[in-house]
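One letter stands for each residue in the lines below.
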Amino acid sequence: MNETSPAPVAQARAPRKTPTAAGDGAVRPVAGQRIAELLQRQGVLAVLLTVVIVASFIYPTFATLDNARGVTIQASFLAVVALGMTMVIITGGIDLSVGSVFALGGVLAAWASQWGFLAALFVPLLVCAAIGLLNGFLVARAGMAPFIVTLATLLGARGLLLAITDEGATTYLVPKGSAFAELGQGSVWGFGYPILIALALFGIGGLLLQRTSFGQTLFAVGGSSDAATLMGLPVARTKILVYTLSGLLAGLAGALNAARLSSGVTIVGVGMELDAISAVVIGGTLLIGGAGSISGTLWGVLLLAVIQNLINQIGSLNSSYQSVVSGGFLIVVVVAQRYLARSRRTT
């Protein structure tokens, strides 16, 4: 008995070391996964800060309050559109109609402004939300591809805009000094109302995405619609809602732009859907859905606006270079996202 007793003791002690070793090894994958997630979500912020700091040293006029106001007011309209696009992409969809809906919202707002503030605000919101509702219904209920559906409404919204303006021959003006014009041209501490509205909407969007069951449903639907359905989540209703919100926000941005310009310009919004998608993806939201953040989209919008401003600061470059730089950033970000996603799977 005495000769065999040490063996059980040794066997009993061996398992105590095994979990410890496994635990040490498990720390590294968790740490690596957290770093990959952090880079995916906040990497664009680091790039934005770096660009701003370097530009401030190179161009003295860049780091001025007036320039900051100009950059942010121009970025505010795209930011509102990109907010809706973020929610759509998180669910695994896409909305190509926002540029045309943005322009349509501006024309409708300018046209309705002759009947007062409420008409100028709510007419574009109702019409543009209805276009978004149509997109959502065709995608969620009819099972059509988002690319095809929103491409069709892109053409339809642009056609409706041209019909209202007699093929662009008629430009509706916002009455000077009206409450609606003040909405686009007024300011608080030098920062325009569109900036404050955009920041408020992003705050609300962040709370919805991170602190409500609606936000968690968006991520679940984007991760796997089939799995979300099996869990009893309202997949179709959620998709309809996010497309409606996308149309609503695009219309709101168009109305604010019309109030800012005091007219419903028909040529605006061309290619805006691509800028919105670029800002969302650069901000860390995956095109395949299931992951993303509202703050990342905000940083992505500001990065694109800063790039445009730097091109203006240089002077010798035209605005077409913004598309080149934005496309380069987009390629780098998509490649980085794939690498980070692969790193998270292997850790």
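Residues numbered from 1 in each chain as written. Predicted model: local features only at pLDDT ≥ 70, side-chain atom pairs only at ≥ 80, totals over all residues. Heavy atoms only, no water.

1. Observations regarding the overall build of the protein
Put simply, the rule reads: In DSSP terms, a helix is any run of H or I states spanning at least four residues, a strand is any run of E spanning at least two, and both are numbered starting from the N terminus. Only protein chains enter the accessibility calculation, which uses a 1.4 Å probe; a residue is then buried when its area is under 20% of its type maximum, exposed when over 50%, and partly exposed in between. Should any heavy atoms of two residues lie within 4.5 Å, those residues are considered in contact. Throughout, the Shrake-Rupley method with a 1.4 Å probe supplies accessible areas, and for residues the shown protein chains are the sole cover considered.
The helix and strand tally for the protein stands at 13 helices and 2 strands. Taken over 347 residues, the protein has a buried fraction of 44%. In the protein, once contacts between residues fewer than 6 apart in sequence are set aside, the share between residues at least 24 apart is 76%. Of the roughly 17400 Å² of accessible surface on the protein, a fraction of 67% belongs to carbon and sulfur atoms.

2. Let's talk about the pattern of salt bridges
The test is simple: Salt bridges are counted wherever a side-chain nitrogen of Lys or Arg sits within 4 Å of a carboxyl oxygen of Asp or Glu.
With the rule as written, the count across this model stands at 1 salt bridge. Put simply, Asp-66 and Arg-69 hold a salt bridge, and the shortest N to O gap is 3.4 Å. Of the two residues, Asp-66 and Arg-69 both sit in helix H2 (residues 65-90), 3 residues apart, roughly one turn of that helix.

3. Remarks on helix H8 (residues 213-223)
Across the 11 residues that make up H8, a large majority, 8, are buried. Of all the positions in H8, only Phe-214, Gly-215, Thr-217, Leu-218, Phe-219, Ala-220, Val-221 and Gly-222 are classed as buried. Contacts made by the buried residues of H8 are with H2, helix H7 (193-211), helix H9 (225-230) and helix H10 (235-261).

4. Notes on the nonpolar core
So the rule is basically this: Residues grouped as a nonpolar core are buried Ala, Val, Leu, Ile, Met, Phe, Trp, Tyr and Cys residues, joined through side-chain atoms within 4.5 Å.
Core analysis: the biggest nonpolar cluster contains 78 residues, and Val-81 and Phe-180 have the highest contact counts within it. Non-local contacts of Phe-180, meaning those with residues more than four positions away in its chain, are made with Ala-109, Ser-113, Phe-117, Ala-120, Leu-121, Val-174, Ala-255 and Ala-259.

5. Concerning the packing of H7 against helix H12 (residues 294-314)
Rules: Axis definition: a line fitted to C-alpha atoms, limited for helices to the stretch in contact. Angles are taken between N-to-C directions and run from 0 to 180 degrees. For this classification, Asp, Glu, Lys and Arg are treated as charged, while Ala, Val, Leu, Ile, Met, Phe, Trp, Tyr, Cys and Pro are nonpolar and the rest, including Gly, are polar.
Two numbers describe how H7 lies on H12: the axes approach to 9 Å, and their chain directions differ by 145°. Across the interface between the two elements, Phe-202, Gly-205, Gly-206 and Leu-209 of H7 pack against Ile-294, Thr-297 and Leu-298 of H12. Taken together, the residues of the contact of H7 with H12 sort by class into 4 nonpolar, 3 polar and no charged.

6. Structural notes on H7
We apply this condition: How far a helix is expected to stretch is found by multiplying one less than its residue total by 1.5 Å. By construction, the arc corresponds to the directions joining the helix axis to the C-beta atoms.
With 19 residues, H7 should reach 27 Å at 1.5 Å per residue; the first-to-last C-alpha distance of 26 Å fits that figure. Every buried residue of H7 is listed here: Pro-194, Ile-195, Ala-198, Leu-201, Phe-202, Gly-205 and Leu-209. One side of H7 holds all its buried residues, which, seen down the axis, span an arc of 130°. Exposed residues lying more than 90 degrees from the buried face of H7 are Leu-207 and Arg-211.

7. A few points about the side chain of Asn-257
The topology assignment puts Asn-257 in helix H10. Setting aside residues up to four positions removed in sequence, Asn-257 forms contacts with Phe-77, Phe-102 and Val-268.

8. Some points on empty space enclosed by the protein
For clarity, the cut-off: For each structure, a 1 Å grid was placed over the protein atoms alone; sets of points admitting a 1.4 Å probe that cannot get out are labelled cavities, open sets with protein on both sides within 12 Å along at least five of seven lines are labelled pockets, and lining residues have an atom within 4 Å of a point. Grid points are joined across faces, edges and corners, and a volume is the space filled by probe spheres set on the points.
Summed over all chains, the structure comprises 1 cavity of 30 Å³ or more. Reported here for the largest cavity is a volume of approximately 40 Å³. Looking at the lining of the largest cavity, the elements that each hand over two or more residues are helix H3 (98-112) and H10. It is H10 that provides the largest number of residues to the lining of the largest cavity, a total of 4 residues. The class makeup of the residues in the lining of the largest cavity is 6 nonpolar, 5 polar and no charged.

9. A closer look at the packing of aromatic side chains
Note the cut-off: Within 6.5 Å between ring centres, the rings of Phe, Tyr and Trp (the latter by its six-membered ring) count as paired, and their orientation is classed by plane angle as stacked under 30 degrees, edge-to-face over 60, tilted in between. Distance and angle both matter: a charge sits over a ring if NZ of Lys or CZ of Arg is within 6 Å of the ring centre and within 35 degrees of the ring normal.
This structure, assessed with the given rule, holds 2 aromatic pairs. When the centroid spacing of 5.0 Å and the interplanar angle of 75° are considered together, the rings of Trp-111 and Trp-115 count as edge-to-face. The class for Trp-111 is partly exposed, based on a relative accessible area of 31%. A residue is classified by how much of its surface remains accessible, and Trp-115, at 56% relative accessible area, is exposed. Measuring from centroid to centroid gives 6.4 Å for Phe-117 and Phe-180, while their planes differ by 65°, and the two rings are edge-to-face. Of the two residues, Phe-117 is situated in helix H4 (residues 117-140) and Phe-180 in helix H6 (residues 179-185); the sequence distance between them amounts to 63 residues. The residue whose ring lies beneath Arg-69 is Phe-191, and the NZ or CZ to ring-centre distance is 5.7 Å.

10. Description of the packing of H3 against H10
The relative placement of two packed helices is expressed as an angle between their axes plus a distance between the axes. Stated formally: By the definition adopted for this analysis, an angle is roughly parallel if under 35 degrees, roughly antiparallel if over 145, roughly perpendicular if from 65 to 115, and oblique otherwise. Here is the rule for handedness: rotate from the far helix to the near one, and if that takes an anticlockwise turn smaller than a right angle the crossing is left-handed, while a clockwise turn gives right-handed.
In the contact formed by H3 and H10, the axes pass within 7 Å of each other and the chain directions differ by 50°. Relative to H10, the element H3 lies oblique. The handedness of the crossing between H3 and H10 comes out as right-handed. Across the interface between the two elements, Val-98, Val-101, Phe-102, Gly-105, Gly-106 and Ala-109 from H3 touch Ser-246, Gly-247, Ala-250, Gly-251, Ala-253, Gly-254, Ala-255, Asn-257 and Ala-258 from H10. Along the lines of polarity and charge, the residues of the contact of H3 with H10 split into 8 nonpolar, 7 polar and no charged.

11. Some remarks on a nonpolar patch on the surface
Just so we agree on the cut-off: A residue counts toward a patch only above 30% relative accessible area and without a salt bridge, and it is joined to like-charged neighbours within 9 Å or, for Val, Leu, Ile, Met, Phe, Trp and Tyr, to nonpolar neighbours within 5 Å.
Judged by side-chain polarity, Leu-49, Ile-53, Val-54, Phe-57 and Ile-58 come together as a nonpolar surface patch covering roughly 540 Å² of accessible area. Residue position: Leu-49 is located in helix H1 (residues 6-58).

12. So, the side chain of Arg-158
The test is simple: Charge convention: Lys and Arg are scored as positive, Asp and Glu as negative, and His as well as the terminal groups of each chain are ignored.
Its location among the elements puts Arg-158 in helix H5 (residues 146-164). Here Arg-158 occupies a buried position and makes no salt bridge, while the nearest side chain of opposite charge, Glu-273, is found at 6.1 Å.

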